[in-house]
Amino acid sequence: MFRNHKINPKAKTEINTGFGTNSSDYGGRYINKKGLPNVEKKGVGYFERISFYHILLAMPRWKFFLSIVAFYIAINIIFGSIYYIIGIQEYGGIPTGSSIKNFWEAFFFSSQSFTIGGYGRINPTNLFVNSLCAIEAFLGLLSLAVVTGLLYGRFSRPRAYLRFSDNALLAPFQNKNAIMFRVAPFKNTSLTDAEVKVTLGLELEENGRKVNKFYPLSLEYHMINSLALSWTIVHPVIDSSPFYNFSEEDFKNSKGEIIVILKAFDDMFSNTVISRTSYTLSEIIVGAKFKPMYHKSNEGNKTLLHLDKLNSFDDAEVKFGGKE
C-alpha cells in the first residue's frame, strides 16, 4: 500500500459516494464485475432480505426458463405422488398395470390437472380426489399468472445493453497520460444523452489507520448526445488528477478501484437506463492504447462496429511523474 505522499494534494475528494470511509470495515471491491454493489446483507432472515421477484427478473435467460421447467416438473411429481399413494382405484380410466406405469399415469394426470387441460380419459371418482384436483388446478392458475407476469416483466424491463472493456488502460493522450476504458452498445437499441460519472476509491493511511478516500475523476467528455458506436471514456492525468504523481509501481501495489456509473436515455422505452462497472488498479494495463473498433463498410453506406474488438489494444509508451 502506498503512503499519502503519493497522492496529488491538488486532487479534490468526495464524501457523498455512499461507500464507507473506514477501510478496515470494508472488504473486497466496491462494485463487482456484474455492476452490483459488493455487499452481503446480514441481521435479518433469508426470506426477508431476498426479493425473489428481482432475482427472477435479473437472472440469465437460460436459468429463468430452467427454473420454470424445474418448478413444473417438481409440482407434478409432488401431486403425482399423492395421486399414486391414494391409489389408482380412485380414478376412472386408468387401466391396471405395473407400479411404474401407474405412477406415470398419475404424473401425467397431475400435469393435465395443473394446466387445466385434461383429456377426459382419466377422471377422479370421489370427493377427496376431486378436491385435490381443484386445489392443483387453482395452483396452476396462480402459477400461470405469475409466470406470465415475470415473462412480461423480463421482456418489458428497460435495460442498458452495454458492454465495458475488461480492462482500463493507461495510455498516451495529448502529450500526457490518461486512464481510458471503452463501452459499446451490443443490442439494436438507440441510446441518447449518455452521461458517465467516474470516481476513484483509494485505501490510504491517515494517523496510523487505513481509510477510504474517494476522488471524482475529471473526464475529457462526461456526456455524449448519442451512444451508437463505442465510447472511449478518458480521464486525462493532469496536475489536478489523483494519479498525477503515480508511478508504474503505484498502479501495481496500490489498493484502489475506479467506479463507473453510466446512464442514458432509451427512446424505445422513453426511460433512463443505468449500467455500472468498476476497475481495480490491478486491472489497469499500463502502457497500452485501444485499437479502433469501427470503420466504414466496403460499400461506404454503413459504419461497421466490431464488438469483438472491444478489448483489443496495442502497446504504447507512457511517461510518469507528471512529465509530458
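Scroll up for the structure.
Just so you know, these numbers come straight off a predicted model, no measurement behind them.

S.K.: Report on the packing of helix α4 (residues 99-114) against helix α5 (residues 127-156), specifying residues and quantitative values.
M.R.: The description of two helices packed together rests on the angle between their axes and the distance between the axes. Closest axis-to-axis distance for the α4/α5 pair is 7 Å, and the angle between their directions is 55°. Between α4 and α5, the angle falls in the class oblique. Contacts between α4 and α5 pair Phe 109, Ser 110, Ser 113 and Phe 114 from the former with Cys 133, Glu 136, Ala 137, Leu 139, Gly 140 and Ser 143 from the latter. Residues belonging to the contact of α4 with α5 are distributed by class as follows: five nonpolar, four polar and one charged.

S.K.: I'd love a proper account of the nonpolar core, names of residues and values included.
M.R.: Within soluble globular proteins, side chains that are nonpolar tend to cluster in buried spots. Formed by 36 residues in total, the largest nonpolar core has its most connected members in Ile 179, Val 198, Trp 231, Ile 233, Phe 243, Ile 258 and Leu 262. Elements represented by at least two residues in this core include exactly β3 (162-164), β4 (168-173), β5 (176-185), β6 (191-206), β7 (209-216), β9 (231-236), β10 (256-266) and β11 (271-280). Per-element tally for this core: the top contributor is β6, with seven residues. Counting 13 residues, the second largest nonpolar core, distinct from the first, contains Ile 88, Ala 106, Phe 114 and Leu 132.

S.K.: Provide a residue-level description of the pattern of salt bridges, including the pertinent values.
M.R.: A side chain with one charge can pair with a side chain of the opposite charge if their charged atoms come near. Counted by the stated rule, this structure contains six salt bridges. Lys 255 is the partner of Glu 203 in a salt bridge, and the nearest nitrogen-oxygen pair spans 3.5 Å. Here the residue Glu 203 occupies a position in strand β6, and Lys 255 occupies one in the loop between α6 (248-253) and β10, the gap between them amounting to 52 residues. A salt bridge links Asp 314 to Lys 291; the nearest nitrogen and oxygen atoms lie 3.7 Å apart. With a gap of 23 residues between them, Asp 314 in strand β16 (residues 313-315) and Lys 291 in the loop between β13 (288-290) and β14 (294-296) connect regions that are remote in the sequence. A relative accessible area of 35% places Lys 291 in the partly exposed class. What emerges from the salt-bridge pattern is a single network uniting Glu 203, Lys 210 and Lys 255.

S.K.: Give me the packing of aromatic side chains: which residues, what numbers.
M.R.: Under the defined criterion, the tally for this structure stands at 16 aromatic pairs. Ring centres of Tyr 84 and Phe 103 lie 6.1 Å apart, and the angle between their planes is 75°; this geometry places the pair in the edge-to-face category. Of this pair, Tyr 84 sits in helix α3 (residues 61-86) while Phe 103 sits in helix α4, and the two are 19 residues apart along the sequence. Ring plane angle 80° and centroid distance 5.3 Å describe the contact between Phe 107 and Phe 108, whose orientation is recorded as edge-to-face. Residue classification places Phe 107 among the buried positions, given a relative accessible area of 11%.

The rules behind each value
As a convention, each chain's residues are numbered from 1 in the sequence order in which they are written. Where totals are concerned, whole chains, interfaces and linings use all residues; where local detail is concerned, this predicted model gives features only for residues with pLDDT of at least 70, and gives and counts side-chain atom pairs only at 80 or more. With hydrogens and water stripped out, all remaining heavy atoms of the structure feed into the side-chain values. Fitting a line to C-alpha atoms yields each axis, with helices limited to the stretch in contact; the angle taken between N-to-C directions then spans 0 to 180 degrees. Segments assigned H or I by DSSP are reported as helices when at least four residues long, segments assigned E as strands when at least two residues long, and all are numbered from the N terminus. Small angles under 35 degrees read as roughly parallel and large ones over 145 as roughly antiparallel, with 65 to 115 read as roughly perpendicular and the rest as oblique. Contacts are assigned to residue pairs with any non-hydrogen atoms lying within 4.5 Å of each other. When residue character is reported, Ala, Val, Leu, Ile, Met, Phe, Trp, Tyr, Cys and Pro are called nonpolar, Asp, Glu, Lys and Arg charged, and the others, Gly included, polar. Working definition of a nonpolar core: buried Ala, Val, Leu, Ile, Met, Phe, Trp, Tyr and Cys residues. They are joined through side-chain atoms within 4.5 Å. When a residue's accessible area, from a 1.4 Å probe over protein chains only, is under 20% of the maximum for its type it is buried; when over 50% it is exposed; and in between it is partly exposed. For this document, the term salt bridge refers to a Lys or Arg side-chain nitrogen within 4 Å of an Asp or Glu carboxyl oxygen. The rule is short: rings of Phe, Tyr and Trp, with Trp giving its six-membered ring, pair when the centres are within 6.5 Å, and they are stacked under 30 degrees, edge-to-face over 60, tilted in between.

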